[in-house]
Amino acid sequence: MSDLAQETTTFRAYAKINLSLEILQKRPDGFHEIASVMQTVGLYDTLRIGLSEDLLFDCNIAELVTEDNLVWQAALKLLEYCGPGSQRGADIFLEKAIPQAAGLGGGSSDAATTLLALDHLWELHLGQEQLLELAAELGSDVPFFLKGGTALAEGRGEILTELPSIPDSWLVLVYPPLPMPENKTKELYKLLDRSDFSQGGVTRALVSALKQGERPPPSLLHNSFERVVYERFPHLDYFRQTMVEAGADYVRVSGSGPALFSLMAYQHEAQEIADRLTQANFFAYAIPTIAG
């Protein structure tokens, strides 16, 4: 680490859940049109970044230190934006806590946080529109994490509408450590059929409830991936059933899974259920929702 990087700044990259995720149709560009209410939650990766003569990247999980890592890609994209001959550098260390490929948006959140952190440290003062454009080039979920909180995501996920914060809530989050295919989300999209598509009505109703200050009722927590996720990973139902037996009234898949969550009003409820699941050797968390 160079002398320039002795002072580091710490940034949190929060995970998300999909309170709703409706898949509307396949688009001509190969992506799918979605309508989703996304929510940041209190599980996070940590980025420690300091100024440096060169651009450097490391992680507490060695196999994630690759050119494909979205932190590295975000840093390169911002450096490219600065123009040829830019002398800017940074020493970036990523400490992962969000499970990988879990449907929690960890990689996308890391990328967005890298953009925000380097914009600050390099004193670029990019506007929201420029940051959103760069974020969308990195991935469909990345723009959401520039602000987080509660938002409606449309298009392929990059068209965002800020929503009123969900009433203070807690959730039990369980990560089932199941073997995942390399291109999990792409594979699951291929398994969808027309019966899994919808018109976005559940998400519209959820948006209306949030605008009225209501806590989302279980009937509006919907995920179009659930059928294919449970079919592709049949052992996942064991984790769902165990969550119910531990006290969760209902369980939903986040994103393309396999992370499962149950939303509730009070911390003590979530903590009691998470403690029971932890005692049964589950990866379980009791975490709050996070406002933007």
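Computed from a prediction, not measured in an experiment: that's the story for all the values here. (Residues numbered from 1 in each chain as written. Predicted model: local features only at pLDDT ≥ 70, side-chain atom pairs only at ≥ 80, totals over all residues. Heavy atoms only, no water.)

## Notes on helix α1 (residues 70-82)
Move 1: The end-to-end C-alpha distance of α1, which contains 13 residues, comes to 18 Å, matching closely the 18 Å that a straight helix rising 1.5 Å per residue would cover.
Move 2: Regarding α1, the residues found buried are V71, W72, A74, A75, L78 and L79. Here the buried residues of α1 occupy an arc of 165 degrees about the axis, which is enough to place them on one side.
Move 3: N-cap assignment for α1: the residue whose side-chain oxygen lies 2.8 Å from the backbone N of V71 is N69.
Move 4: Just downstream of α1 lies G83, where phi reads positive at about 100 degrees. (Helix = DSSP H or I, 4+ residues; strand = E, 2+ residues; numbered from the N terminus. Expected span 1.5 Å × (residues − 1). Buried < 20%, exposed > 50% of the residue type's maximum accessible area, 1.4 Å probe, protein only. Arc of directions from axis to C-beta. Polar contact = N/O pair within 3.5 Å; in protein donor to acceptor, adjacent residues only side chain to side chain.)

## Considering the packing of α1 against helix α2 (residues 106-121)
Move 1: Contact pair α1 / α2: the axes reach a minimum separation of 8 Å and the direction vectors enclose 35 degrees. For the pair α1 and α2, the sense of crossing is right-handed. Contacts from L70, V71, A74, A75 and L78 in α1 reach G107, S108, D110, A111, T114, L115, L118 and D119 in α2.
Move 2: A breakdown of the residues in the contact of α1 with α2 according to their chemical character gives eight nonpolar, three polar and two charged. (Axes fitted to C-alpha atoms, helices over the stretch in contact; angles between N-to-C directions. Left-handed = near helix turned anticlockwise from the far one by under 90°. Contact = heavy atoms within 4.5 Å. Nonpolar A, V, L, I, M, F, W, Y, C, P; charged D, E, K, R; others polar.)

## Remarks on unusual backbone geometry
Move 1: A cis amide bond links G257 to the next residue, P258, at an omega of 5 degrees.
Move 2: Of note in the backbone geometry, H125 takes a positive phi value of approximately 55 degrees without being a glycine.
Move 3: Within the secondary structure layout, H125 lies in the loop between α2 and α3 (128-138).
Move 4: On the basis of relative accessible area, H125 is assigned to the exposed category, the value being 68%.
Move 5: Of note, N281 is a non-glycine position whose phi angle comes to about 70 degrees, a positive value.
Move 6: The exposed category is assigned to N281, whose relative accessible area is 70%.

## Some remarks on the sheet that holds strand β9 (residues 260-264)
Across a sheet, strands are paired by hydrogen bonds formed along the backbone, either parallel or antiparallel in direction.
Move 1: Strand order across the open sheet formed by four strands is β8-β9-β7-β10, with antiparallel pairing between neighbours. Bordering the open sheet on either side are β8 (252-253) and β10 (283-288), each of which pairs with just one other strand.
Move 2: Each of β7 (170-175), β8 and β9 touches helix α7 (residues 236-245); the most contacted strand, β9, lies at about 20 degrees to it.
Move 3: Contacts from helix α8 (residues 267-279) reach β7, β9 and β10, with the element oriented near 20 degrees to β7. (Pairing = 2+ DSSP bridges.)

## Digging into the pairing of β9
Move 1: In terms of residue burial, β9 counts as a mostly covered element, since five of its five residues are buried.
Move 2: Residues L260, S262 and M264 of β9 are buried on one face, and the alternating residues F261 and L263, pointing to the opposite face, are buried as well.
Move 3: Pairing of β7 with β9 involves five bridges; the strand directions are antiparallel. Paired with V172 across the two strands is S262, which belongs to β9.

## Details of the nonpolar core
Move 1: Ranked by internal contacts, the top residues of the largest apolar core, which has 36 residues, are I49, L55, L78, I92, L115, L118 and W122.
Move 2: Of all the secondary structure elements, the ones that give two or more residues to this core are β2 (32-51), β3 (55-59), α1, β4 (90-95), α2, α3 and β5 (150-155).
Move 3: Other than its neighbours up to four places away in sequence, I92 contacts L47, R48, I49, L55, L56, F57, D58, V71, A75, T114 and L118.
Move 4: Counting 30 residues, the second-largest nonpolar core is a separate cluster that includes L21, F239, V253 and I273. (Core = buried A, V, L, I, M, F, W, Y, C linked by side-chain atoms within 4.5 Å.)

## Some details on the environment of A15
Move 1: Considering the arrangement of structural elements, one finds A15 in strand β1 (residues 8-26).
Move 2: Look at A15 and you get buried, because its relative accessible area is 0%.
Move 3: For A15 and M243, which are 228 residues apart along the polypeptide, the C-alpha to C-alpha distance reads 20 Å.
Move 4: The contacts of A15, once residues within four sequence positions are left out, are Q39, T40, V41, L43, I98, L104 and F145.

## Concerning the packing of α1 against α3
Move 1: The contact between α1 and α3 brings their axes to 10 Å, and the two run at 135 degrees. Taken as axis vectors, α1 and α3 run oblique relative to one another. For the pair α1 and α3, the sense of crossing is right-handed. Between α1, through L70, Q73, A74, K77, L78 and Y81, and α3, the contact on the second element is made entirely by Q130, L134, E137 and L138.
Move 2: The residue makeup of the contact of α1 with α3, split by class, is six nonpolar, two polar and two charged. (Parallel < 35°, antiparallel > 145°, perpendicular 65-115°, else oblique.)

## Comments concerning the side chain of N18
Move 1: Summarising the element assignment, N18 is placed in strand β1.
Move 2: Among the residues examined, N18 registers a relative accessible area of 6% and is labelled buried.
Move 3: With near-sequence residues (within four places) excluded, N18 lies in contact with S36, V37, M38, G103, S254, G255 and F261.

## Some words on the confidence of the model for the protein
Move 1: On average, residues of the protein score 94 in pLDDT, and 98% of them reach the 70 mark or higher.
Move 2: Confidence over residues 1-5 falls short of pLDDT 50; this stretch has twelve contacts with residues more than four positions distant or in other chains. (pLDDT = per-residue confidence, 0-100.)

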